[in-house]
Amino acid sequence: MRDTLGLDVQRTAATFRYFGGMADKFQSTVVPVEPGFLDHVVPEPLGVIGQIVPWNFPVMFVSWKLGPALAAGNPGPGRR
């Protein structure tokens, strides 16, 4: 219980706070390549994600995958 309250929950909140701050910063970019060519990157959500989570600190490990996926526009559970 001490590890859950002291580590798992606090680090989960920090992870969601970090990736929540990134959500409005994704943008299209032009990557420099050889002269005469243009490489344009447009971020697009991939869709529903899946993950395998270990038994120790499960909430924190879920946030490591779910935070960036939601920030990038991928749907949450049960949404298509």
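Residues numbered from 1 in each chain as written. Predicted model: local features only at pLDDT ≥ 70, side-chain atom pairs only at ≥ 80, totals over all residues. Heavy atoms only, no water.

1. Describing the packing of aromatic side chains
Working step 1: Under the counting rule described, the total for this entry stands at two aromatic pairs.
Working step 2: The interplanar angle of 80° and the centroid separation of 5.0 Å between the aromatic rings of Y18 and F19 together place this pair among those described as edge-to-face.
Working step 3: Here the aromatic rings of F61 and W64 are separated by 4.8 Å at their centres, their planes lie at 85°, and the arrangement is edge-to-face. Of the two residues, F61 and W64 both sit in helix α2 (residues 58-71), three residues apart, roughly one turn of that helix. (Phe/Tyr/Trp six-rings, centres within 6.5 Å; stacked < 30°, edge-to-face > 60°. Helix = DSSP H or I, 4+ residues; strand = E, 2+ residues; numbered from the N terminus.)

2. Things to note about a nonpolar patch on the surface
Working step 1: On the surface, V31, V33, F37 and V41 cluster together to form a nonpolar patch covering roughly 340 Å² of accessible area.
Working step 2: As for its placement among the helices and strands, V41 is situated in strand β2 (residues 39-41). (Patch = residues over 30% accessible without salt bridge, like charges linked within 9 Å, V, L, I, M, F, W, Y side chains within 5 Å. Areas by Shrake-Rupley, 256 points an atom, 1.4 Å probe, with all protein chains shown as cover. Salt bridge = Lys/Arg side-chain N within 4 Å of Asp/Glu carboxyl O.)

3. Regarding the environment of T29
Working step 1: Within the secondary structure, T29 is located in strand β1 (residues 29-31).
Working step 2: In this structure, the C-alpha to C-alpha distance between T29 and H40, residues eleven residues apart in sequence, is 5.9 Å.
Working step 3: Leaving out residues up to four positions away in the same chain, T29 has contacts with D39, H40 and V41. (Contact = heavy atoms within 4.5 Å.)

4. Describing the side chain of T12
Working step 1: Turning to its location among the elements, T12 is positioned in helix α1 (residues 2-22).
Working step 2: Of the polar contacts made by the side chain of T12, one reaches the backbone nitrogen of M60; its length is 3.2 Å.
Working step 3: Sequence-distant contacts of T12, that is, excluding residues within four places in its chain, are made with V59, M60 and S63. (Polar contact = N/O pair within 3.5 Å; in protein donor to acceptor, adjacent residues only side chain to side chain.)

Just distances and angles here, no functional claims.
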